[in-house]
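The primary structure of each chain is shown beneath.
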Amino acid sequence: MRDIKNRYKLFRILLIALLSAVFIMAVKYIFHKYNWEPIEQSSLHNGVLSSATFVIGFILSATIADYKESERIPSDFAANIEDMYGDAASIHKSYPKFDIEGFRSQLEKIAHKFNSEVRNASRGVSLLIHKLTPYFAEMEKAGVPPNFIVKLKQQQYQLLRHRKRVTYIQKINFIPSASILSRSLVALVISLLLLTNIDPFAGSFAIVGIISFVLIYMMVLINTISKPFHVAGKTKDDVSLFLVDSAADFLASNKPKKSKQ
């Protein structure tokens, strides 16, 4: 059963596009049977199809750019967290008067919170990141050199920047008006193909199916990757957060044994 679910997640977009194309082909057959094809094929068809392909390709390329950026964010976020703890642990060896365990615990909370809230616009992660600031004040009182603290503050800013960027990508659609245009063009192209009399019929039947499949597949793909972080397990196309989990495990493994009561 689990294997079937995994295969469905992997081929979900393919199945949606395929079933939609089959339905459109069935409609095309009915239109042909009852002679509901008043439009004759002309060069205008090529222009409409080319314009639709261009607009969809433009939106897809821009959406993929955001998706690729989203794929880098978890690795950068995890690396920042681990690097911050490594720097703080090294500093603590020479300046043991600040709370290294509290700092470690705060970073671990940030990692767990990021994974649980990355798919919504909650400010919980941002608030936890801001709560690292008092530890920097402790470091100053402990006599830690300013350049060490500045580096940690820069890493804190990077954590906050990654969180804000994820929120923006998840919440904002790329040029909404262009998305509406692309959907309208797809509907127009499919409607035009259904109402066009293309001889021979077998060829037109195949053309309608292939073009519909490609256009619908691209539209569903754009809709899927425009929100890179889906509910866990919903799709195989979501950005994985396993590296942030790994960072949280790394921090947990550095928890002092004496605190494990």
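The structure under discussion appears in the preceding block.
The structure displayed is predicted, hence computed values, not measured ones.

Parameters and conventions
- Residues numbered from 1 in each chain as written.
- Predicted model: local features only at pLDDT ≥ 70, side-chain atom pairs only at ≥ 80, totals over all residues.
- Heavy atoms only, no water.
- Helix = DSSP H or I, 4+ residues; strand = E, 2+ residues; numbered from the N terminus.
- Expected span 1.5 Å × (residues − 1).
- Buried < 20%, exposed > 50% of the residue type's maximum accessible area, 1.4 Å probe, protein only.
- Arc of directions from axis to C-beta.
- Contact = heavy atoms within 4.5 Å.
- Axes fitted to C-alpha atoms, helices over the stretch in contact; angles between N-to-C directions.
- Parallel < 35°, antiparallel > 145°, perpendicular 65-115°, else oblique.
- Left-handed = near helix turned anticlockwise from the far one by under 90°.

A. Here's a closer look at helix 10 (residues 242-253). In this model helix 10 runs 16 Å from its N-terminal to its C-terminal C-alpha over 12 residues, within 8% of the 16 Å that 1.5 Å per residue would give. Along helix 10, the positions that sit buried rather than exposed are Val244, Ala247, Ala248 and Leu251. For helix 10, the angular spread of buried residues about the axis comes to 100 degrees, placing them on one side. Turned more than 90 degrees off the buried face of helix 10, the exposed positions are Phe242, Asp249 and Ser253. The secondary structure elements touched by the buried residues of helix 10 are helix 3 (43-94) and helix 4 (100-117).

B. Broad picture of the packing of helix 3 against helix 7 (residues 146-171). Relative orientation of the contacting elements helix 3 and helix 7 amounts to 155 degrees, with a least axis distance of 9 Å. When the axis of helix 3 is compared with that of helix 7, the two are roughly antiparallel. With respect to the hand of their crossing, helix 3 and helix 7 are arranged in left-handed fashion. Of the residues in helix 7, those in contact with Asp66, Glu69, Ser70, Ile73, Asp76, Phe77, Asn80, Ile81, Asp83, Met84, Asp87 and Ile91 of helix 3 are Phe148, Lys151, Leu152, Gln155, Gln156, Gln158, Leu159, His162, Arg165, Val166 and Ile169.

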